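Remarks on the overall topology
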Amino acid sequence: MTTWQCDGIPKDGKTYPQAIAGGHEPCENTTPDCPICGLPREAMDPVTTTVKTTVVVSPGGTTRVGQKSNWLLPFALIITALTAGLGGWSLLQMLIPKPDTPPVVGEETPDKQTEATFVSDTAKNPDLFSQGEKILLNSTPNKEKGAAAFKKEDWANAIAAYQLAATPQANDPEGKIYYNNAKARQKGNQNTIAVVVPIANDPNSAKEILRGVARYQEEFNNSNPGNPLEIVIANDGGGLQSKAIADDLIQSGQVLAVMGHGIDPFSQKAIESYEKEGLAILSPLTTNVSQTGNATLKTIPLKDKSQEVLGSYLEAVAKTLANYASKQENSPSVVLFYNSDSPYSQKLKDSFAKAIKEPGGQIVKEIDTTKANFNAKTAIDQAKQAGARVVFLALSKDGDRIDQAVAIAQESSGMLLLGGNELYTPDILIQGADSIDGLVLAVPWSFQATDPFAKDALKSWRGRVSWRTATAYDTMKVLGEAIAKSSDRASAVETLNRGITLQGSTTDFNIFNQVPLVRANRGNEGPKGSQYQFDPI
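Residues numbered from 1 in each chain as written. Predicted model: local features only at pLDDT ≥ 70, side-chain atom pairs only at ≥ 80, totals over all residues. Heavy atoms only, no water.

- By the naming in an unreviewed UniProt entry, the protein is Leucine-binding protein domain-containing protein, taken from Microcystis aeruginosa PCC 7806SL.
- Turning to the protein, the UniProt annotation filed under Sequence similarities (unreviewed entry) states: "Belongs to the leucine-binding protein family." (UniProt positions renumbered as here; feature names shortened; annotations may be inferred.)

Structure follows, in structure tokens:
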């Protein structure tokens, strides 16, 4: 595959609205558009003749305000998105910070401070953070009362208000986290972890992740009353905000570790900052899970690509779905849909294309949904003419990808539908309706009534939870164990570098051999507005 280099400064004499002023550090690309700035490949071709300056938006390169970073990945990848996530935490074109919360970039990080009450007190982007002093998700009168009391350090009234807020809103994790934070502040000697989630861009996935965080926080604080756990929620809109959030968390001496961020170039810049400044970060690109005996998790340097778990997980997803396809169809012929602006999608596409050959299958057509002329009906008609009987959706959940997945499903009557964990969303069940009946997805954890975590979730959140909740719980468990053995950043980094053995995790690490599958079936336990639910196969 040929590569091309982009530095964000057009060379062809044209003007591009998605270009970053002043350009960016040179990066090697294999996709049609630059994942950092969204410029098309031809923008880097030097102008050889006089041309009229025009405004161009490349196909599939439309700049979306606040497009999210894919951190909503399984536990082995999150360690978070999710993405929600999850993420997903998703993905790569130029992400423009919102005008009301402009990130400050390109400045030196001030000396770390510990005297501030909240992270937002010293942050250059205070509106992106809350420990309970502001509401980032759904606002209610009681939550606002809790925030006002929390900001005044009136812990008793903050506890009372947030407790009242949690009663009628049983599935709202933000209020429960702030309730636990207020109790931790009242006791004092709290240990603080930051959780980076895509509230602005994908609030549902953010809630799924935060439910797992809240559940573990409650357990941790019941077991460690002398050193309770406090959570900083950070709202990452992606793009330049990712690095700005990292700078603010590094600056705050309160935060001992961070969970979140994704696999895009902006997240990588944020992760580089954490590594440089010695703040532990569990992310898809800096985590390794050994599979000998009990699973052991440890953090690895960002540059150590050979050990990160993303590739291993997606290979397992591809093999599991390829084997399933071969059992449903003899020598399955597959049409493969992907979006080239997402590294998750590209990796899953490549992994499945390789895996399907083993059981005697073949890819008869690969279709990039980012192309301007993409049409679901035309694509499926052409695939059927080429002999396709199986549809593989290697799509991320960025932008309008769920809409595209539904459109493809609506045209795929009689064909086997397969996909990855990014499509495990309420939206696909609601929008897809009968067209997604039988859709099979590979996910790291599936809801089963006999599963202890699932049973607890029904009680805690009064409903089913997703794999994002389960994997976020596991992620927090790792971080909780790390900070329980230390009370400073350096010790937390050292503990995670050595590795932590995972016992009693909700995730079965046999997923690296075979990933659990779920199917969309008719049922009354799905999201509101849908007659379908995901059930384990």
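Alright, that's what it looks like, and here's the rest.
Observations concerning the pattern of salt bridges
- In the structure shown here, the tally under the stated rule is 17 salt bridges.
- Among the salt bridges present, the one from Glu 218 reaches Arg 215, with a minimum N-O distance of 2.8 Å. Here Arg 215 and Glu 218 lie together in helix H6 (residues 203-223), a separation of 3 residues that amounts to about one turn.
- Here Glu 218 falls in the partly exposed class, since its relative accessible area comes to 36%.
- Classification of Arg 215 by relative accessible area gives buried; the value is 15%. (Salt bridge = Lys/Arg side-chain N within 4 Å of Asp/Glu carboxyl O. Helix = DSSP H or I, 4+ residues; strand = E, 2+ residues; numbered from the N terminus. Buried < 20%, exposed > 50% of the residue type's maximum accessible area, 1.4 Å probe, protein only.)

Describing the sheet that holds strand E5 (residues 229-235)
- Read across the sheet, 5 strands follow the order E3-E5-E4-E6-E7 without closing on themselves; strand pairing throughout is mixed. The open sheet has two edge strands with one neighbour each: strand E3 (129-130) and strand E7 (280-282).
- Looking at chain direction, strand E4 (residues 191-197) and strand E6 (residues 255-259) are connected through 4 bridges and run parallel. Considered in E6, the bridge of Ile 193 is made with Ala 257.
- Those strands touched by helix H5 (residues 173-187) are E3 and E5, and its axis lies near 135° from that of E5. (Pairing = 2+ DSSP bridges. Contact = heavy atoms within 4.5 Å. Axes fitted to C-alpha atoms, helices over the stretch in contact; angles between N-to-C directions.)

Digging into helix H8 (residues 265-277)
- Its 13 residues give H8 an end-to-end C-alpha distance of 19 Å, which sits within 8% of 18 Å, the value for a rise of 1.5 Å per residue.
- Within H8 the residues assigned to the buried category are Pro 265, Phe 266, Ser 267, Ala 270, Ile 271, Ser 273 and Tyr 274.
- If you follow the buried residues of H8, they end up packed against helix H7 (240-251), E6 and E7.
- Gly 278, located one to two residues past H8, shows a positive phi value of around 75°. (Expected span 1.5 Å × (residues − 1).)

A look at the environment of Ala 149
- Tracing the chain through its elements places Ala 149 in helix H3 (residues 141-151).
- Classification of Ala 149 by relative accessible area gives buried; the value is 9%.
- Sequence separation between Ala 149 and Gly 132 is 17 residues; the distance between their C-alpha atoms is 9.1 Å.
- Those residues in contact with Ala 149 that sit more than four places away from it in its chain are Asp 154, Asn 157 and Ala 158.

Let's talk about unusual backbone geometry
- Here Glu 153, not a glycine, exhibits a phi torsion of approximately 65°, which is positive.
- With respect to the element layout, Glu 153 can be found in the loop between H3 and helix H4 (155-166).

A look at the sheet that holds strand E11 (residues 362-368)
- Ordered by their spatial adjacency, 7 strands build an open sheet running E11-E10-E12-E13-E14-E16-E17, and the pairing between neighbours is mixed. Unpaired on one side and paired on the other, E11 and strand E17 (532-536) mark the two borders of the sheet. The sheet shows a mean angle of 25° between the axes of neighbouring strands, taken without regard to direction.
- As defined by bridge partners, strand E10 (residues 333-338) adjoins strand E12 (residues 390-394) across 5 bridges and the pair is classed as parallel. Within the sheet, the bridge partner assigned to Phe 337 lies in E12 and is Leu 393.
- Seen against the sheet, helix H10 (residues 343-355) touches E10, E11 and E12 and runs at an angle of roughly 170° to E10.
- Those strands touched by helix H11 (residues 376-385) are E10, E11 and E12, and its axis lies near 165° from that of E11.

Quick notes on the packing of aromatic side chains
- According to the stated counting rule, one finds 8 aromatic pairs in the structure shown.
- With centroids separated by 3.9 Å and ring planes inclined at 10°, the aromatic side chains of Phe 352 and Phe 392 adopt a geometry described as stacked. Of this pair, Phe 352 sits in helix H10 while Phe 392 sits in strand E12, and the two are 40 residues apart along the sequence. For the pair shown, Phe 352 and Phe 392 are each scored as buried.
- Through pairs of rings, three or more aromatic residues link up here, namely Phe 118, Phe 150 and Trp 155.
- In this structure, Lys 349 packs its charged tip against the face of Tyr 338, placed 4.9 Å from the ring centre. (Phe/Tyr/Trp six-rings, centres within 6.5 Å; stacked < 30°, edge-to-face > 60°. Lys NZ or Arg CZ within 6 Å of the ring centre and 35° of its normal.)

Overview of the side chain of Asn 180
- One can find Asn 180 in helix H5.
- Judged by relative accessible area, which is 6%, Asn 180 ranks as buried.
- Here Gln 217 takes part through its side chain, which lies 3.2 Å from a polar atom of the side chain of Asn 180.
- Setting aside residues no more than four positions away along its own chain, Asn 180 makes contact with Ala 214, Gln 217, Glu 218 and Asn 221. (Polar contact = N/O pair within 3.5 Å; in protein donor to acceptor, adjacent residues only side chain to side chain.)

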